[in-house]
Every structure is written in C-alpha cells, then in structure tokens.
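Take a look at the letters that make up each chain.
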Amino acid sequence: MKKKKTKNTSAGKKGSHKKSGFFQDDRVRFITGFFFILFGLYLLFALISYFFTWKADQSFEYGKVFSVASVVVQNWAGKTGAYLSYLLINKWFGVFSFTIPLFIMDIGIRFFKIKTAPLRKVFWFLFFITLLGSLTIAYILGSSNGYLGSGFGGSFGFFTVEWLNSLLGKVGSAFLLIFFNTAFILYYFHIPPFRLKKKISEPGANAGRVEDTIHNGVSADEEDLLLSEEPRKTETVLSGENLDNDQADHRSGKDKNVKDAEEDIELTVERRHPGEDQLSEKEISTEPSGRYDPTLELSGYRMPPVQLLKDHETGNSKVSKEELLDNKNKIVETLANYKIRIDKIKATIGPTVTLYEIVPAPGIRISKIKNLEDDIALSLSALGIRIIAPIPGRGTIGIEVPNLHPDIVSMKSMITSRAFQDADYDLPVALGSTISGSPYVFDLARAPHLLVAGATGQGKSVGLNVIIASLLYKKHPAELKFIFVDPKKVELALYSKLEKHYLAVMPDAEETIITDTDKVVNTLNSLTIEMDQRYDLLTAAHVRFVNEYNEKFKSRRLNPEKGHRFMPYIVLVIDEFADLIMTAGKNIEFPLTRLAQMGRAVGIHLVIATQRPTTNIITGTIKGNFPTRIAFKVTAMIDSRTILDSPGANQLVGRGDMLIGSGSDLTRIQCAYIDTSEVEAITNYIASQQSYPMPFFLPEFDGDSNAAGEVDMKQKDPLFEDAARLVVQHQQGSTSLIQRKLSIGYNRAGRIIDQLQAAGVVGPYEGSKARQVLIPDEYTLEQLLRDME
C-alpha cells in the first residue's frame, strides 16, 4: 500500500526509508531467492541419497569427515551433504527432516513474488508435522525394529518415545499421540467436528424445510387448497369457497354482499424465505479477489470466514394459513363496507411483514383505498399497516401487514447469499431481506452516500454494523479505509483493533476512533485536502473516476515517481450526527457538504446516522447531497418526511424494519442482524493477521491557522521559546511536531504556531504542506528572541 506523501513529515521519512530498503532491489531479491532454492534442493538430494549410502558412509566417524582428507563418502552431496543428512535423519527427526529443505525452498520462492501461504503459518505447520511425525513413526516402529525404530523417527523421536513409555506406559503414550495428532488435524484443516452429523443430514433437510412450512398449521381438510409447491418459491391459491362454513356462519349480521365478495375472491400466497439461495460455506472463497498488485504487501491476508457469524433465524416465517385467510377476509370486509370491490388478492410473505397486493374492480379510485389506512389497521388490530397505492410497475395496490411471529434475518444468511457473493460491485453492502425474501444488496460506491435515521432502539446501530461488516467481508485492507466518528464513544469502539489494517487517521491522532468534536472538524478538513489531492492525480492521469485511475495504476501506466499511487476507497462513518451539528454547526457542515458533493469520483463515501431527524439537523443542503437514505422507525410523520420526503417510516414496526429510498422509490427491508459478539469475532480475526506497519495517514491539517495580526504577542505561551527552538532545529513548521515533542494538546500547539507566525519564525498556512521556517539557524533565532524581550 502506498503511504501518503507529506513533505517534511515523519510518515514521509519512514516511507522513503522503506522504499530504499535492501531487498527492494530486484537483483538482490533474485540472488537471495535463487540461493535459498538451490540450497534447499542441495539439502533435499543429500537427504534422499542418505537412504542409499548410509551403510557405506557409516564406516567413518562423522566428526572427522572434514578433518581427515582420506575419507571418501558415497553421498551424492559430498562430505557436507553426508554430514547434514546424518545429523538431520539420524540425530534429529528421521524421515520428517524432509520438511526442512521444503521450508528453505519456500523462503526462496517468496523472493520471486510468488504468492504462497503466510510464512508464519507454513513454519508452524511444518514444525508440528516434523515433531508429531517423528514421535508417531518412532512409536509405531518401536525399538524392536532396530534401525527402523531409531532411523525413521530419528534420535529425537526414538528417545522421546522411550521416555514417554517409561513415564506413561505404551497405552498412555498412544493416547497422548492420538490426542495431539487429532487436535493438529482438526485445527489446521478447519474441520468442525460437531457439524459432521449436520453435514451428513443436510441433503434431506432442505427438502423437508419447504414441506414443513407449507403444511405447518394446515389441517387435513385444508390441504386441497395447496395447488403448487416449489423448493425456492411457493405459490398457493386459496379460494373463499374452501373456508370453513362454520367460520362464515358465526358472522351473524354481516351483509350478504360482503360474504359473497369474500367467497368470490381468490388469495394467491407467495412465500420466499430469506437466505434460501445462500451458498454453502465451502462455496465461499475467503481469498482476496482481483489482481495482485495493490494487495502485495499483505498478500497473506484472509477475509473473515463465515463461521464467525451466527444463525439467528427462528425458522421460516410462521404465518399460518389461518392468519392469511383471516387477514384477507378482514381486508375484503373493510373495503366492502365502503362499497369497494376487489377482484384478486395476492399475499407475499416476508420475514417481518406480509404484502397483500389487491387488484380493485374497474372504476375504483385509488385515493379512496389510500384513505382507509386507519380503518384497515383497526380491523386487523395491528400496528405498522402501510398502504402503497399504487405499487410502482405492477398495477396493484399494496397493503403491508406485520406478521404475528416475525423472523430474524441473520447476517450470515446475507453474506452467504449468491446475490452478495456474486455481486460485481465496488463496495457491495448486503443490507437485509426484502418482503419477497430476496437479499437486498446495493453498491455504496453508486449510492454514493448514505443518510441513516431512526428513533432510539430501532436498529440504527445494528444497521451501521451490517454495512461495515459487508465491506469487511469483501474488500482487502489495501482497497478500503474507514474513518470512524463516534461522539457516544461506545458504538464503534470495537473497530479500533483495525487501526493498522483498515483505518485512516491524521498523523497527530491520539485515538483511532474520533470522539472529540475539534478532532472531527480537523479530520473532515484533512479529508477534503485528500480529496483535492486525488482530483489533481485524476487530472494528471486524464481519467474521471477513481476506479479508472486505479486500473491504470495497476496496469503500470502511471509512474509512482511522479506522485501517482494506488487510491483505496475511503468510507467515513459518523454514528451520531446530531451531536456534532449542535456543538460545531457550520464548521462540520461546510467540509461535509464539500465531501458529499465531490467525494464520489475520487472514492470517498459518507455514511451518516442520527436519531434526531429534525430539519435543523438534516438540513436541505445535506439532504440534497445524500440521495440514498435509510429510515428506521420514527415516532412522527414529520420525521419521516424529513428523512424520506414522504410518510411511511412512522408506520414501521421497529426492530430492524426499515425503508430505503433512492429518488422516488421506497423499498421495505428487514435489516440483517449482527450482534456485538459477532462484530468482536470479526475484528479479532482481522487484528490477529499481519498488518501494515502504520495506519493510512491523511494529510496534515492546521486547524488553528488565524491571521498573524490577530495574535497578541504580549501574552506569549510559556512554551513559546521552546517551540521556536524546536521548529528551527528541525526546520519543520508543523503543529503536530510541537504537539508531539512538547506533549501538549492540539489546540495549544495551534496557538503557539500562530504566535510563531506573528513573530516571523514560520510562514503562513499552506494547506497540506508544512509551514516554511523563516529562521535559518539557532543563532539567528536567539537574536530574535532577545529583541522581543
């Protein structure tokens, strides 16, 4: 990963030093790798030869093999090969010493930039293979087999087994070796022992799942209602004629026309279960995809496995036929009371709500049905009733009714779905399940920003974790960086472990998760500098978008010596936007608006969440630059209109029930669920892998750059002279330098740099560049300080 080039900064110096490292020279890498490969092959031939020549070479003492010139060996690799093979096979690990030349050759291969498994994993794998193999073969062959017992297992295996036999007996030694070999196999080959039974029974389980769902809660008399069953999508046509006659007769006093209407209308039921098209864990690749170049520094990085996620589903949606028919009859009855006839009802069962699509009779005005929303909710005795009149592109009217027993949509079912795994998006996000049960996957890069709002406890924070987890499961650390802003200090704290993998920070940052308002303002302004620099690079490369630029860079058509670098996507996540606006106001809104207006083309995307969707928080300027908005349940219709420009969010049922709008289209989704333990497992897995030596540094931003004339030099800071000497000594006019060296806060360091500017020690603020130091040496500085007294 290319680090940010910043003039006169420590990050720049470290990057320069790294670039000029010894092994960066292709010739040195080739020579070193070639040596390791040849030495490994030499040792391999020596070990192979030992099994043919050991008897002939056994006539002399190996200790004198080099000192006595008359000694002649038969080993193919000469005296050195004879001695090394004798040492490894006879004295050490026996036949399992062959792992040593293999490991040496693996080291050599890495110098040729050939992608293999991480070196640490290869070492420990071969290490345990060597130890356990030596002990196991020595135990099996035993001392009674003479050379076989001690030779094939080596002296290490032979004497260790002898010691174990005397300590535990042969039975105890056998149990101990079986235990360690089993543990090794299960751990290194990722075999889940408790899932073996489940795997064996899987072929029949899927077939039974749909059948159990269809017949769940349906009596024998009602089975004639089921006309078709498909494994993935089930449609059932229910007619009013199949209703129990007793049920109809109990409605005494009902108008006869209403009864006739209910009996004549057919109900088509469509079920689709969330995640049923998901891939098995074996089908999901956890390897980084795409070309190798941007991921070269962390070539051994592995995406989090899906086994870290839990199956939260409670089963298929428990919507019985009785519930469907009862709701259908009540809807028909309510509409018939207002002389509204309908021709057909189709029910689509989702995880949280069921969508009843009705086709009104000719001549019925849509607005008339829309006005009956409260009456239908009253008749169904349900909260969260929402009428869509009409449903775009279908020519029907939709009535969404909450299920009595809603399902939980697990994050695992979304990650393993084909829609997510096969998504050809730059920043794919698996948000949840639609009413039809299909995974809802969208591209954050095309969104290009998200505004998330909802009342407290309705799933907003879980939604943010779902968005972040989706990206962590798809993007390599070289391709994506996050900036987390968390004024509440607890919602995003778990992601601090990803500092050197996925986080972008300012050079002077004390915390990886930004919680202080002043630091937020500085970070946003720093991000705008990064944005401007990226636009300069796009202009120089004659491209319009960051993906085009990166494609040019990966195909080596852009010269890094001219400042070009691979540009990862940057996603800014703000958890509680309302607190920032209330404390910083325009200082936050201005850089945020610039980023929202211009960030898309250079790969900078914003995800902003708030629990107070009022007009003074979500202003018209912000809304205009966030075309994609997510609304969880809110308490009032005005809040829904503020977020989505339409009502509906106030009619949601909560617990992850949400609406996502892009333009005029609204889609109802049950947000996927991921709990804190799953997030912690993902971050721990990533943090346990090799990381970059430092985070991705944003450009330095001098937050307290006031005009020099406004500084009162009569009230100089007590550390003014120390700071002046520090700046002149390093010839670097940087606020962060003063902050780090003098161990003071950023605001105080900013005031001191303003005083230094007023005194003529440093020049004015120059954006991302460090200030120019105007005093050439310490002698001139001391004269200036004396004149100021």
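**Thoughts on the overall build of the protein**
Now for step 1: Looking only at helices and strands, the protein has 28 helices and 17 strands in total.
Now for step 2: Expressed as a percentage of its 789 residues, the buried residues of the protein come to 50%.
Now for step 3: As displayed, the protein has an accessible area near 37500 Å², and 55% of this comes from carbon and sulfur atoms.

**Focus on the nonpolar core**
Now for step 1: Ranked by size, the top nonpolar core spans 102 residues in total, and within it Leu444 and Phe482 carry the most contacts.
Now for step 2: The leading source of residues in this core is helix 18 (residues 517–541), at nine residues.
Now for step 3: The contact partners of phenylalanine 482, leaving out residues within four places of it in the chain, are Ile468, Leu471, Leu472, Tyr502, Leu503, Ala504, Val571 and Val573.
Now for step 4: Counting residues in each nonpolar core, the second largest holds 23 residues, with Val319, Ile331, Leu335 and Ala382 among its members.

**A closer look at the environment of serine 496**
Now for step 1: With respect to the helices and strands, serine 496 occurs in the loop between strand 10 (480–485) and helix 17 (499–502).
Now for step 2: Here serine 496 falls in the partly exposed class, since its relative accessible area comes to 30%.
Now for step 3: Of the polar contacts made by the side chain of serine 496, one reaches the backbone oxygen of alanine 493; its length is 2.9 Å.

**Thoughts on the pattern of salt bridges**
Now for step 1: Under the defined criterion, the tally for this structure stands at 22 salt bridges.
Now for step 2: The partner of aspartate 532 in a salt bridge is arginine 594, and the shortest N-O contact between them spans 3.0 Å. Remark: arginine 594 occurs in helix 21 (residues 586–598) and aspartate 532 occurs in helix 18; sequence separation between them is 62 residues.
Now for step 3: The partly exposed category is assigned to arginine 594, whose relative accessible area is 22%.
Now for step 4: Salt-bridge contacts for aspartate 645 lead to arginine 629; the nearest nitrogen and oxygen are separated by 3.0 Å. Within this pair, whereas aspartate 645 is found in the loop between helix 23 (637–644) and strand 15 (657–662), its partner arginine 629 is found in strand 14 (residues 628–632), the two being separated by 16 residues in sequence.

**Considerations on the packing of aromatic side chains**
Now for step 1: Counted under the stated rule, the structure contains 25 aromatic pairs.
Now for step 2: Each ring, one from phenylalanine 158 and one from phenylalanine 159, has its centre 5.2 Å from the other, and the planes form 80°; the classification is edge-to-face.
Now for step 3: Take phenylalanine 158: its relative accessible area is 18%, and that puts it in the buried class.
Now for step 4: Ring pairing ties together the aromatic residues Phe103, Phe123, Trp124, Phe125, Phe127, Phe128 and Phe184, which thus form one cluster.

**What to know about the sheet that holds strand 16 (residues 665–671)**
Now for step 1: Taking strand neighbours across the sheet as the criterion, the nine strands line up as 8-7-16-15-14-9-13-12-10 in an open arrangement whose pairing is mixed. A single partner strand is all that each edge strand has here, and the edge strands are strand 8 (439–443) and strand 10. Adjacent strand axes in the sheet meet at a mean angle of 25°, parallel and antiparallel pairs treated alike.
Now for step 2: Sheet topology places strand 15 next to strand 16; six bridges connect them, and they run antiparallel. From the neighbouring strand, serine 662 faces strand 16, where its bridge partner is aspartate 665.
Now for step 3: Each of strand 10, strand 12 (569–574) and strand 13 (604–610) touches helix 20 (residues 577–584); the most contacted strand, strand 13, lies at about 90° to it.
Now for step 4: Sheet strands in contact with helix 23 are strand 9 (450–453), strand 14, strand 15 and strand 16, and its direction is about 160° off that of strand 14.

**What about the packing of helix 4 (residues 99–110) against helix 5 (residues 119–141)?**
Now for step 1: The geometry of helix 4 relative to helix 5 is characterised by a closest axis approach of 10 Å and an angle of 175° between their N-to-C directions. It follows that helix 4 is roughly antiparallel to helix 5 by the angle criterion. Of helix 5, the residues touching helix 4 (which contributes Thr99, Phe103, Asp106, Ile107 and Arg110) are Leu119, Val122, Phe123, Leu126, Ile129 and Thr130.
Now for step 2: Of the residues contributing to the contact of helix 4 with helix 5, the split by class is seven nonpolar, two polar and two charged.

**Regarding unusual backbone geometry**
Now for step 1: Cis geometry marks the peptide bond from alanine 447 to proline 448, where omega comes out at -10°.
Now for step 2: Secondary-structure assignment places proline 448 in the loop between strand 8 and strand 9.
Now for step 3: Here arginine 655, not a glycine, exhibits a phi torsion of approximately 55°, which is positive.
Now for step 4: Within the secondary structure, arginine 655 sits in the loop between helix 23 and strand 15.

**A word on the environment of valine 602**
Now for step 1: Among the structural elements, valine 602 can be located in the loop between helix 21 and strand 13.
Now for step 2: Once the C-alpha coordinates of valine 602 and proline 568 are considered, the two residues, 34 residues apart in sequence, prove to be 9.3 Å apart.

**Describing the confidence of the model for the protein**
Now for step 1: Overall, the prediction assigns the protein a mean pLDDT of 78, with 77% of residues at 70 or greater.
Now for step 2: For the protein, per-element mean pLDDT is lowest for helix 8 (residues 196–215), which scores 39, and highest for strand 12, which scores 95.
Now for step 3: Ignoring residues within four places in sequence, the model shows residues 704–709, a span with pLDDT below 50, making eleven contacts including any to other chains.

**Some remarks on the packing of helix 2 (residues 26–53) against helix 3 (residues 78–93)**
Helix packing for two helices is described by the angle between their axes and how far apart those axes are.
Now for step 1: Two numbers describe how helix 2 lies on helix 3: the axes approach to 8 Å, and their chain directions differ by 75°. When the axes of helix 2 and helix 3 are compared, the pair comes out roughly perpendicular. Facing helix 2, whose interface residues are Tyr42, Leu43, Ala46, Leu47, Tyr50 and Phe51, helix 3 presents Thr80, Gly81, Leu84, Ser85, Tyr86, Leu88, Ile89 and Asn90.
Now for step 2: The class makeup of the residues in the contact of helix 2 with helix 3 is ten nonpolar, four polar and no charged.

**Overview of the pairing of strand 14**
Now for step 1: For strand 14, the buried fraction is high: five of the five residues fall into the buried class.
Now for step 2: The alternating pattern of strand 14 places Thr628, Ile630 and Phe632 and Arg629 and Ala631 on opposite faces, both of which are buried.
Now for step 3: Here strand 9 pairs with strand 14 via four bridges, running parallel. Opposite valine 452, over in strand 14, you have isoleucine 630 as the bridge partner.
Now for step 4: Here strand 14 pairs with strand 15 via five bridges, running antiparallel. Opposite threonine 628, over in strand 15, you have serine 662 as the bridge partner.

**Structural notes on helix 5**
Now for step 1: Compared with an ideal rise of 1.5 Å per residue, which puts 23 residues at 33 Å, helix 5 spans 32 Å between its outermost C-alpha atoms and is within 8% of the ideal.
Now for step 2: Every buried residue of helix 5 is accounted for by Val122, Leu126, Thr130, Leu132, Gly133, Ser134, Leu135 and Ala138.
Now for step 3: Among the residues trailing helix 5, glycine 142 stands out with phi positive, at a value near 70°.

**Points about a negative patch on the surface**
Now for step 1: Together, Glu510, Glu511, Asp516 and Asp518 make up a region of like negative charge exposed at the surface.
Now for step 2: Topologically, aspartate 518 is positioned in helix 18.
Now for step 3: With a relative accessible area of 38%, aspartate 518 lands in the partly exposed category.

**Some points on the side chain of glutamate 400**
Now for step 1: Residue placement: glutamate 400 occurs in strand 6 (residues 397–402).
Now for step 2: Separated by 2.5 Å, the side chains of glutamate 400 and arginine 668 make a polar contact.

**Some points on the pairing of strand 13**
Now for step 1: With seven of seven residues buried, strand 13 is to be regarded as a mostly interior element.
Now for step 2: Residues Ile604, Leu606, Ile608 and Thr610 of strand 13 are buried on one face, and the alternating residues His605, Val607 and Ala609, pointing to the opposite face, are buried as well.
Now for step 3: Of the strand pairs in this sheet, strand 9 and strand 13 are connected by four bridges, and their pairing is parallel. Of the residues in strand 13, the one forming a bridge with valine 452 is alanine 609.
Now for step 4: Two elements, strand 12 and strand 13, share five bridges in a ladder whose sense is parallel.

What counts, and where the lines are drawn
- Residues numbered from 1 in each chain as written.
- Predicted model: local features only at pLDDT ≥ 70, side-chain atom pairs only at ≥ 80, totals over all residues.
- Heavy atoms only, no water.
- Helix = DSSP H or I, 4+ residues; strand = E, 2+ residues; numbered from the N terminus.
- Buried < 20%, exposed > 50% of the residue type's maximum accessible area, 1.4 Å probe, protein only.
- Areas by Shrake-Rupley, 256 points an atom, 1.4 Å probe, with all protein chains shown as cover.
- Core = buried A, V, L, I, M, F, W, Y, C linked by side-chain atoms within 4.5 Å.
- Contact = heavy atoms within 4.5 Å.
- Polar contact = N/O pair within 3.5 Å; in protein donor to acceptor, adjacent residues only side chain to side chain.
- Salt bridge = Lys/Arg side-chain N within 4 Å of Asp/Glu carboxyl O.
- Phe/Tyr/Trp six-rings, centres within 6.5 Å; stacked < 30°, edge-to-face > 60°.
- Pairing = 2+ DSSP bridges.
- Axes fitted to C-alpha atoms, helices over the stretch in contact; angles between N-to-C directions.
- Parallel < 35°, antiparallel > 145°, perpendicular 65-115°, else oblique.
- Nonpolar A, V, L, I, M, F, W, Y, C, P; charged D, E, K, R; others polar.
- pLDDT = per-residue confidence, 0-100.
- Expected span 1.5 Å × (residues − 1).
- Patch = residues over 30% accessible without salt bridge, like charges linked within 9 Å, V, L, I, M, F, W, Y side chains within 5 Å.
- Lys, Arg positive; Asp, Glu negative; His and termini not counted.
- Charge placed at Lys NZ, Arg CZ, Asp CG, Glu CD.

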